[in-house]
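Geometric and topological summary
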Amino acid sequence: MLERSMPTPVAANPLDALAASSRPVEAARLTALGPAARLAFRGREAAISPAGDAFGVALPREACRSHQAEGRFALWLGPDEWLLIVPGAEPAPIFAAIEAATAGMPRSLVDVSARSVGIEIAGAKAAFVLNQGCPLDLSLDAFPVGMCTRTVFHKAEIVLVRLAPDIFHIDVWRSFAPYVWELLEEGRRELA
Amino acid sequence: MLIIDCPWCGKRPEIEFRYGGEAHIARPADPSALTDQEWADFLYSRTNPKGLHAERWRHIHGCGRYFNAVRDTVSDFFVVTYKAGEARPDIGGDK
């Protein structure tokens, strides 16, 4: 009988080959981000603040805002839905802490670390390149630093966060990542 | 591009949304007590007005929430949007 071992789903980043052959453009630098712990948290009122305490970052209650502390990010995705991201961390201990802190409360916590990959686009023309496929107003007035939202980039759904005036992070489903990456490359072809 | 005002997220482009049919249609509490005609009316009969129409929309590529909107079916103008569960604002048109 053949011995079969399960492949590790998070071992390879689908952007590895694309990122290796990417052309450097100072005005819109593209980076494929490494693995991260990602947790999808949804909960009723009672569970929200205990979850934030256990995570170490209060879950933002204002629409489309993110909080961060010590390398941990809490992104508001909906009135009862948050995406918790910790780059480079193992999801299991974070998951266990939040699960224990909200035990018995109406909530749902799912480890979605392997579902998506991260892309950073930084530089003076980052918003310009994103706007090739993202219809949102990315001016600092309408999309300030710390704002995050689910939106679309061309035909793919993405989670977009603005970490600094010219630094954006994109979180995109794994199988859509090459599509988004290549369209970002397309958008910055005209830049030097 | 048509801009829709999500009650949670604010003004967003139309392509982030999905249409959800007519709003304020309550499922009968006891479907087995209904005649076939009444059940068919609940399932299929809609007002389809020319003018102001209360309808459900979902901000599927945003907060993911359903909300209600009153839209003019002639001009495609969104008169008002409001959260699910709230009553239809009294702004005229067919109920």
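Going along each chain's sequence as written, the residues are numbered from 1 onward. Lettering of chains starts at A and numbering of ligands starts at 1, both following the order in which they are written. Two thresholds apply to this predicted model, a pLDDT of at least 70 for residue-level local features and 80 or more for giving and counting side-chain atom pairs, whereas whole-chain, interface and lining totals are computed over all residues. By convention in this description, side-chain values take in all heavy atoms of the structure and omit both hydrogens and water.

1. Re the interface of chain B and chain A
Taken together, the contacts link 13 residues of chain B with 17 residues of chain A. By definition, the buried area sums, over both parts, the 1.4 Å-probe accessible area that each loses when the two are put together. In total, chain B and chain A occlude about 1,100 Å² of area from one another, counting both sides; carbon and sulfur atoms represent 57% of this. On the chain B side of the interface with chain A, the three residues burying the most area are Arg12, His61 and Arg65 of chain B, jointly 44% of the side's total. The term salt bridge refers to a side-chain nitrogen of Lys or Arg lying within 4 Å of a carboxyl oxygen of Asp or Glu. Counting across the chain B and chain A interface gives 2 salt bridges. For the salt bridge of Glu81 of chain A with Arg65 of chain B, the shortest nitrogen-to-oxygen distance reads 2.8 Å. Polar contact criterion, stated in full: a pair of N or O atoms within 3.5 Å, where within protein one must be able to donate a hydrogen and the other to accept it, and residues adjacent in sequence count only if both atoms are side-chain atoms. Seen at the junction of chain B and chain A, the total is 7 residue pairs in polar contact (both at pLDDT 80 or more). Of the residues in the side of chain B that touches chain A, the class split is 7 nonpolar, 3 polar and 3 charged. Between two residues, a contact is recorded if the distance between any of their heavy atoms is within 4.5 Å. Gly is placed with the polar residues, together with every amino acid not listed as nonpolar (Ala, Val, Leu, Ile, Met, Phe, Trp, Tyr, Cys and Pro) or charged (Asp, Glu, Lys and Arg).

2. Points about the sheet that holds strand S5 (residues 66-72) of chain B
Residue and element names in this part refer to chain B. Two strands form a pair only when DSSP identifies at least two bridges running between them. Strands are runs of DSSP state E lasting at least 2 residues, helices are runs of H or I lasting at least 4, and numbering of each runs from the N terminus. In spatial order, the strands read S3-S4-S5-S6; together these 4 strands make up an open sheet with antiparallel pairing. The strands lining the two open edges of the sheet, one partner per strand, are strand S3 (18-22) and strand S6 (78-83). For this sheet, the mean angle separating the axes of adjacent strands, direction not counted, is 30°. Here S3 pairs with strand S4 (residues 52-58) via 3 bridges, running antiparallel. By the bridge assignment, Glu22 is partnered in S4 with Glu55. All axes here are fitted lines through C-alpha atoms, helices being fitted over the stretch that makes contact, and every angle between N-to-C directions spans 0 to 180 degrees.

3. Some details on the packing of helix H2 (residues 45-55) of chain A against helix H3 (residues 91-101) of chain A
Residues and elements named next belong to chain A. Relative orientation of the contacting elements H2 and H3 amounts to 145°, with a least axis distance of 8 Å. When you trace H2 past H3, the crossing you get is right-handed. For the pair H2 and H3, the contacting residues are Pro50, Ala51, Ala54 and Phe55 in the first and Ile94, Ala97, Ile98 and Ala101 in the second. In terms of residue class, the contact of H2 with H3 is made up of 8 nonpolar, no polar and no charged. Put simply, a crossing is left-handed when the front helix is turned counterclockwise from the back one by less than a right angle, and right-handed when it is turned clockwise.

4. Quick look at unusual backbone geometry
Residue and element names in this part refer to chain B. Its identity is not glycine, yet His24 carries a phi of approximately 60°, on the positive side. Positive phi outside glycine occurs at Asn48, with the angle close to 45°. With respect to the helices and strands, Asn48 occurs in the loop between helix H1 (36-44) and S4.

5. Focus: the confidence of the model for chain B
A score between 0 and 100, pLDDT records how confident the predictor is in each residue. For chain B, the mean per-residue pLDDT works out to 93, and 97% of the residues sit at or above 70. Per the prediction output, this complex has pTM 0.90; the corresponding ipTM is 0.88.

6. As for the environment of Pro89 of chain B
Residue and element names in this part refer to chain B. Looking at where Pro89 falls in the secondary structure, it is placed in the segment after S6. Per-residue accessibility, obtained with a 1.4 Å probe over protein chains only, is compared with the maximum for each type, and a residue is labelled buried under 20%, exposed over 50%, and partly exposed between these values. Residue classification places Pro89 among the partly exposed residues on the basis of a relative accessible area of 23%. In this structure, the C-alpha to C-alpha distance between Pro89 and Val70, residues 19 residues apart in sequence, is 8.5 Å. Contact partners of Pro89, with chain neighbours within four places excluded, come to Val80 and Tyr82.

7. Some details on the pattern of salt bridges
All names here are of chain A. As enumerated under the stated definition, the model contains 14 salt bridges over all chains in all. The partner of Glu26 in a salt bridge is Arg29, and the shortest N-O contact between them spans 2.9 Å. On the accessibility criterion, Glu26 (58% relative accessible area) is exposed. Take Arg29: its relative accessible area is 35%, and that puts it in the partly exposed class.

8. A short note on H2 of chain A
Residue and element names in this part refer to chain A. Buried within H2 are the following residues: Ala47, Ile48, Pro50, Ala51, Gly52 and Phe55. On its buried side, H2 packs onto strand S2 (36-43), strand S4 (72-78), strand S5 (81-87), H3 and strand S6 (107-111). Where H2 ends, the next residue or the one after it, Gly56, has phi of about 100°, a positive value.

9. Here we look at the side chain of Asp72 of chain B
Residue and element names in this part refer to chain B. When you line up the elements, Asp72 lands in strand S5. We note that Asp72 is buried and unpaired, the nearest opposite charge coming from Arg71 at a distance of 7.6 Å. With residues near it in sequence (within four places) discarded, Asp72 still touches Gly51, Leu52 and Phe77. Here Asp and Glu are counted as negative and Lys and Arg as positive; His is not counted, and neither are the chain ends.

10. Here we look at helix H5 (residues 177-187) of chain A
Residues of H5 of chain A that are buried: Ala177, Val180, Trp181, Leu184, Glu185 and Gly187 of chain A. Along the axis of H5 of chain A, the buried positions cluster into a sector of 160°, meaning they face one direction only. By arc we mean the arc of the directions from the helix axis to the C-beta atoms, nothing more.

11. Points about the packing of aromatic side chains
The aromatic pairing rule takes the rings of Phe, Tyr and Trp, using the six-membered ring of Trp, and pairs them if the centres are within 6.5 Å, calling planes under 30 degrees apart stacked, those over 60 edge-to-face and the rest tilted. Considering all chains together, one arrives at 7 aromatic pairs over all chains under this definition. Ring centres 5.3 Å apart and planes at 70° place the aromatic pair Tyr19 of chain B and Trp57 of chain B in the edge-to-face group. Of this pair, Tyr19 of chain B sits in strand S3 while Trp57 of chain B sits in strand S4, and the two are 38 residues apart along the sequence. On the basis of relative accessibility, which here comes to 9%, the residue Trp57 of chain B falls in the buried class. Among the aromatic side chains, those forming a connected cluster through ring pairs are Tyr19, Trp57 and Phe78 of chain B. A ring is considered to have a charge above it if a Lys NZ or an Arg CZ atom is located within 6 Å of its centre and within 35 degrees of its normal. The ring of Phe128 of chain A has Lys125 of chain A lying over it, and the distance from NZ or CZ to the ring centre is 4.8 Å. Sitting above the plane of the Tyr66 of chain B ring, Arg56 of chain B keeps its charged end 4.4 Å from the centroid.

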